[in-house]
There are 2 protein chains.
Amino acid sequence: MTDFTPQMATDFVHRAVPAIGRLGVVVEAISPGAVDLRVPIEGNANHMGTMYAGALFALAELPGGLIPLAVLEPGRYTPIVTALEIQFLAAARTDVTLSARMDPQDLRALGAHVDAEGRADFTLELVGRDAEGRTVITSTGHYQLRPNRG
Amino acid sequence: MTDFTPQMATDFVHRAVPAIGRLGVVVEAISPGAVDLRVPIEGNANHMGTMYAGALFALAELPGGLIPLAVLEPGRYTPIVTALEIQFLAAARTDVTLSARMDPQDLRALGAHVDAEGRADFTLELVGRDAEGRTVITSTGHYQLRPNRG
């Protein structure tokens with residue numbers, strides 16, 4: 001998946017999880033160990049004109065499922081979210097973007113750990129920002145990488 | 001809102017937050033200090049046939065926004081989610097339900113606190129279960145009740 005375009009990655013996510021497609025989360029950039037995401041205010045505003053908390057959750061949760069697939073052999077591992085803490089620090093009235101980074105070396109080590117031990121845990125601490133660069137959410141996602149039985 | 005039917009409450013939520021409507025979360029029962037919710041597996045399954053984490057987040061987050069409105073004067077207060085911790089304990093392959101309870105007396109005290117101090121914080125610890133009664137999520141939601149400026 002290292003030569004995936006952002007559009008291909010977006011299509012992959014929306015096919016795999018149609019509910020994320022309905023929330024409109026898009027992959028803006030993807031490369032080994034890095035993914036940039038956006039969630040639109042359009043369709044996700046509540047009656048106060050601010051973004052629904054669940055759309056921000058979607059933005060915060062997705063990187064843990066996506067970022068391993070840009071380094072490790074796709075189809076070999078399945079990332080599972082086991083817990084997520086999210087802080088809503090300001091109301092968003094614009095699209096919100098979020099960048100996730102993991103050292104590709106660390107991701108390969110996770111894959112090797114799964115091969116040896118059956119599973120491997122990892123954590124992502126992320127920040128979502130509105131169009132003015134204001135922090136609207138911070139999050140800590142806890143994930144487990146598992147072998148794909150298929 | 002104490003004489004709201006579940007259908008009226010569902011329609012209210014879907015109008016106020018269309019994204020919750022697209023996730024299909026429905027109010028199954030509502031009375032002062034109590035709300036029962038359901039999120040359907042239909043439309044929310046991922047490629048593994050299990051429920052998308054974001055649909056479970058929607059289920060866990062909504063009670064904090066809804067339960068005060070069934071006791072306090074609607075339109076007078078706005079509940080805001082400030083943080084949420086959610087644990088994904090088992091994959092759900094069925095609809096998931098969740099019941100939230102708060103003592104109406106405590107809710108009225110929160111309203112009085114907002115009137116006196118400008119805001120009031122409250123917390124909801126919840127459990128979501130699948131059709132077999134298995135716990136699929138636990139969550140702690142942190143909310144702030146604010147006066148409605150309007």
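Overview of the structure. (Residues numbered from 1 in each chain as written. Chains lettered and ligands numbered in written order. Predicted model: local features only at pLDDT ≥ 70, side-chain atom pairs only at ≥ 80, totals over all residues. Heavy atoms only, no water.)

Once that is clear, we can look at the pairing of strand β4 (residues 96-101) of chain A. All names here are of chain A. Only one face of β4 is buried: it carries Val 96, Leu 98 and Ala 100, and the other face, with Thr 97, Ser 99 and Arg 101, is open. Bridge analysis of strand β2 (residues 34-39) against β4 gives six bridges, and the strand direction is antiparallel. Paired with Arg 38 across the strands is Thr 97, a residue of β4. The pairing of β4 with strand β5 (residues 120-129) spans two bridges and is antiparallel. The residue bridging Leu 98 from the neighbouring strand is Gly 128, located in β5. (Buried < 20%, exposed > 50% of the residue type's maximum accessible area, 1.4 Å probe, protein only. Helix = DSSP H or I, 4+ residues; strand = E, 2+ residues; numbered from the N terminus. Pairing = 2+ DSSP bridges.)

Axis separation between helix α3 (residues 53-66) of chain A and helix α3 (residues 53-66) of chain B bottoms out at 9 Å; the angle between their running directions is 145°. By crossing handedness, the relation of α3(A) to α3(B) is classed as right-handed. Listed contacts from α3(B) to Ala53(A), Gly54(A), Phe57(A) and Glu61(A) of α3(A) are Ala53(B), Gly54(B), Phe57(B) and Glu61(B). Within the contact of α3(A) with α3(B), the residues separate by chemical class into four nonpolar, two polar and two charged. (Axes fitted to C-alpha atoms, helices over the stretch in contact; angles between N-to-C directions. Left-handed = near helix turned anticlockwise from the far one by under 90°. Contact = heavy atoms within 4.5 Å. Nonpolar A, V, L, I, M, F, W, Y, C, P; charged D, E, K, R; others polar.)

For the pair chain B and chain A, the relating rotation is 180°, the translation along its axis is 0.0 Å, and the fit reaches an RMSD of 0.0 Å. Expressed as a symmetry operation, the mapping of one chain copy onto the other fits a two-fold axis. Ranked by how close their C-alpha atoms come to the rotation axis, the residues of chain B are headed by Glu85(B), at 2.1 Å. Comparing interface residues between copies, 100% of those in chain B also sit at the interface in chain A, which points to an isologous, same-surface contact. (Least-squares fit on C-alpha atoms with pLDDT ≥ 70 in both.)

Further remarks concern the sheet that holds strand β6 (residues 135-147) of chain B. Where strands meet in a sheet, backbone hydrogen bonds hold them as pairs that are either parallel or antiparallel. If you walk across this open sheet you meet the 12 strands as β1(A)-β2(A)-β4(A)-β5(A)-β6(A)-β3(A)-β3(B)-β6(B)-β5(B)-β4(B)-β2(B)-β1(B), and the pairing is antiparallel. Since the sheet does not close on itself, it has two edges, and those belong to β1 (26-31) of chain A together with β1 (26-31) of chain B, each with one partner. When strand polarity is set aside, the average angle formed by the axes of neighbouring strands in this sheet is 20°. One ladder, built from five bridges, connects β1(A) with β2(A); its direction is antiparallel. By the bridge assignment, Val26(A) is partnered in β2(A) with Arg38(A).

In this section: the interface of chain B and chain A. Contact residues are listed per partner, giving 29 residues for chain B and 29 residues for chain A. Both faces combined, the contact of chain B with chain A buries some 2300 Å², and carbon together with sulfur accounts for 64% of it. One can count 11 residue pairs in polar contact (both at pLDDT 80 or more) joining chain B with chain A. Mapped onto the side of chain B that touches chain A, the elements with two or more residues apiece are α2 (18-23), α3 and β3 (77-88) of chain B. Of the residues forming the side of chain B that touches chain A, the biggest block, 10 residues, is contributed by β3(B). A class-by-class count of the residues in the side of chain B that touches chain A yields 18 nonpolar, eight polar and three charged. (Buried area = accessible area lost by both parts, 1.4 Å probe. Polar contact = N/O pair within 3.5 Å; in protein donor to acceptor, adjacent residues only side chain to side chain.)

Keep in mind these values describe shape, not function.
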